[in-house]
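Architecture and fold: a report
Spelled out from the first residue to the last, the chains are:
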Amino acid sequence: MRLKSYACGTWVEGEGQGAVLNSAVTGEPVAEISSKGLDFAAMLRYGREVGGPALRSLTFHERAYKLKELGLYLQDRKEEFYVLSRHTGATRSDSWIDIEGGTGTLFAYSSKGRREMPNGHVYIDGQPEMLSRKGTFVGQHIHVPLEGVAIHINAFNFPCWGMLEKLAPSFIAGVPCIIKPASQTAYLTELMVRHMIESGILPEGSLQLICGSVGDLLDHVTCQDAVTFTGSASTGLMLRRHPAILNNSVRFTMEADSLNASILGPDAEPGTEEFDLYVKEVMREMTVKCGQKCTAIRRAIVPRHLAPFVIDALRARLGRVVVGDPDKEGVTMGALASDDQCVEVRERIAELAKSCEIVHGDPNETLAGSGAFMNPVLLYCDQPLKSREVHDIEAFGPVSTVVPYDGVEEAIRLAGMGQGSLVSSIFTYDEAFARSMVMGLGAWHGRLLINNRDSAKESTGHGSPLPYLIHGGPGRAGGGQEMGGIRGVLHYMQCVALQGSPSMLTAVSDKWITGARRIEDDVHPFRKSLEELRIGEGIVTKQRVITLEDIEHFAEFSGDKFYAHMDEAAAKANPFFEGRVAHGYFIVSAAAGLFVDPAPGPVLANYGLENLRFLTPLNPGDAIQVTFTCKQKVPRVNEDYGEVRWDCQVKNQTGELVATYDVLTLVAKQRAA
């Protein structure tokens, strides 16, 4: 097939003869690729002028629902992707990580976008900052979408997941994407993008694709664009130093080489569950995707006295690995992505062998077939503190090195000699050892997995980045972060510090701020539908006097007979109280009795309280009064109701704040006539 790019709303075939892409399994041609003739500056303009406005016109929730719809659409067509994925050298389980792991990321971001972001266009970051004594001048951090394009340059090993895990957060943010897959496996990315475009789900201009070189694309980036890169550190550094990226302060995220470590605790002797789990994990990380994962275990750091046992156990497991055509029954490891990749991995093994011993596998053995096949190779480095190769050279294939350590401090030192990694894992049942490892390794890693018998059955494993957690690491791992839930979305948004009056900032952010104008009328706010209810609308209730009988009745009814409520002398001895005080939860209950309108109506349910604080003790004879204000509305796109957050302030008879909290309710939308 002749791969095409999708640029400015149309499929474009590159000019001239393109590079031939061969099957990793059969060695036969699969596709031809070229981007010659593409107008890269026009692609950026199209994204900014067409895709950006179309995306920004949607709310966070509307974008999130489109991701869910897209994920379902791709899932229905997954078998077509599996068929083509075989040519990348992947087994069915390898492809599952790439294909369904990718659609799973769409679902995860759809869910988080709807649950953790407002159904609006502005993301509010944190609480308001009171900047003046009387509260007429306040500050609020918000995030708004960049008005440029996110350029995602991806690696060959995950042609589907690598695209979707970057597209999902930038799409939720409201920023259009230009996807540039690595050429070797771009045929799978192109197939998935064809389906995405044909679905009609994505707004016009929100997704473009480059099959081939990026040409002069980066010459045209501005401060409103973002560039993400996954691949080799040398290529990433070249891109990071591009004059336009430097001169325009373009956001650049890099995920590069990573000599990830997995550390076996001294307590994990042979026969323990942790020892067996460790060996299984190292073997799995060596063979899944043929070890072509940026998160694979490259250094198995083990107590020196356990190294022979670990090596023997790994040899036994690796000896059962069957290398070959992924379509053939019994094959457990497929091919590397290309013959060139095989050559490169063999070269890296030869460099490692200068200070390490090969203890399993022959990297130069010729395997049956014409594909890019290679045996898994295990090495042993007896003097890791003196051998730089094991900490500097990454063989991006089915390769790992057993590294012995003497003592906790040496284990920490060895892991840190990798100069920054995406992930390390710790296999131990010793909590003190785990804590020491985390404190020693945390600064050098983006993610730490602590695994043992308690978590093993549900653990996703050492090498599995998850959309809920950051993917990235310091130092040689690139210094970037991707995903991490909403953190990944905010990378494509500009944080703006607003300053002004509470009323003005309320109008801008669609969230009521204390001190802003309040609205009161003759109709109780609980009698108003979601559309009728206005931000800042509420009531001030009548007062209620709290008696000693109220306190004792609540204590008897609830069973809460804490001394501060029941014993006058003991309460007075408490430095915070002057005598017996009302229960905090009684105050909340009594407050509800003041602000609730009990009749059936638009308010469907109370589903929680947040940010509850008790500030001033309430003694018998004191009164409470509630100021109750609509703080924020979050309509649900596909439901006949939405969420309303109410600001609740409970004050005593002198105006002192007794309690403050947010009440969360579900409120019906207006019924259609």
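Small disclaimer: the values here were computed from a predicted structure and weren't measured. (Residues numbered from 1 in each chain as written. Predicted model: local features only at pLDDT ≥ 70, side-chain atom pairs only at ≥ 80, totals over all residues. Heavy atoms only, no water.)

**Here we look at the overall build of the chain**
- Within the chain one finds 20 helices and 27 strands.
- By principal-axis analysis of the C-alpha atoms, the chain measures approximately 90 × 60 × 45 Å.
- Burial status across the chain gives 55% buried among its 673 residues.
- Here the contacts in the chain between residues at least 6 apart in sequence split such that 73% fall between residues at least 24 apart.
- Carbon and sulfur atoms provide 51% of the accessible area of the chain, an area that totals close to 28200 Å².
- Of the side-chain charges in the chain, 66 are positive and 82 negative, and the distance between the mean point of each set is 3 Å. (Helix = DSSP H or I, 4+ residues; strand = E, 2+ residues; numbered from the N terminus. Buried < 20%, exposed > 50% of the residue type's maximum accessible area, 1.4 Å probe, protein only. Contact = heavy atoms within 4.5 Å. Areas by Shrake-Rupley, 256 points an atom, 1.4 Å probe, with all protein chains shown as cover. Lys, Arg positive; Asp, Glu negative; His and termini not counted. Charge placed at Lys NZ, Arg CZ, Asp CG, Glu CD.)

**Notes on the sheet that holds strand β18 (residues 445–451)**
- The 7 strands are arranged β14-β15-β16-β13-β12-β17-β18 in an open sheet whose pairing can be described as mixed. The open sheet is flanked by β14 (357–360) and β18, the only strands paired with a single partner. Each strand axis lies, on average, 25° off the axis of its neighbour in the sheet, ignoring direction.
- Here helix α9 (residues 273–287) sits on the sheet and contacts β12 (261–264), β13 (299–303), β15 (377–380), β16 (399–405) and β17 (421–427); the angle it forms with β12, its principal contact strand, is near 165°.
- Lying over the sheet, helix α14 (residues 431–441) contacts β12, β16, β17 and β18, oriented at roughly 175° with respect to β18. (Pairing = 2+ DSSP bridges. Axes fitted to C-alpha atoms, helices over the stretch in contact; angles between N-to-C directions.)

**As for the pattern of salt bridges**
- What the rule picks out here adds up to 36 salt bridges.
- When the shortest N-O distance is used, the salt bridge between E556 and K561 registers 3.2 Å.
- On the basis of relative accessibility, which here comes to 55%, the residue E556 falls in the exposed class.
- Relative accessible area serves as the criterion here: at 46%, K561 is assigned to the partly exposed category. (Salt bridge = Lys/Arg side-chain N within 4 Å of Asp/Glu carboxyl O.)

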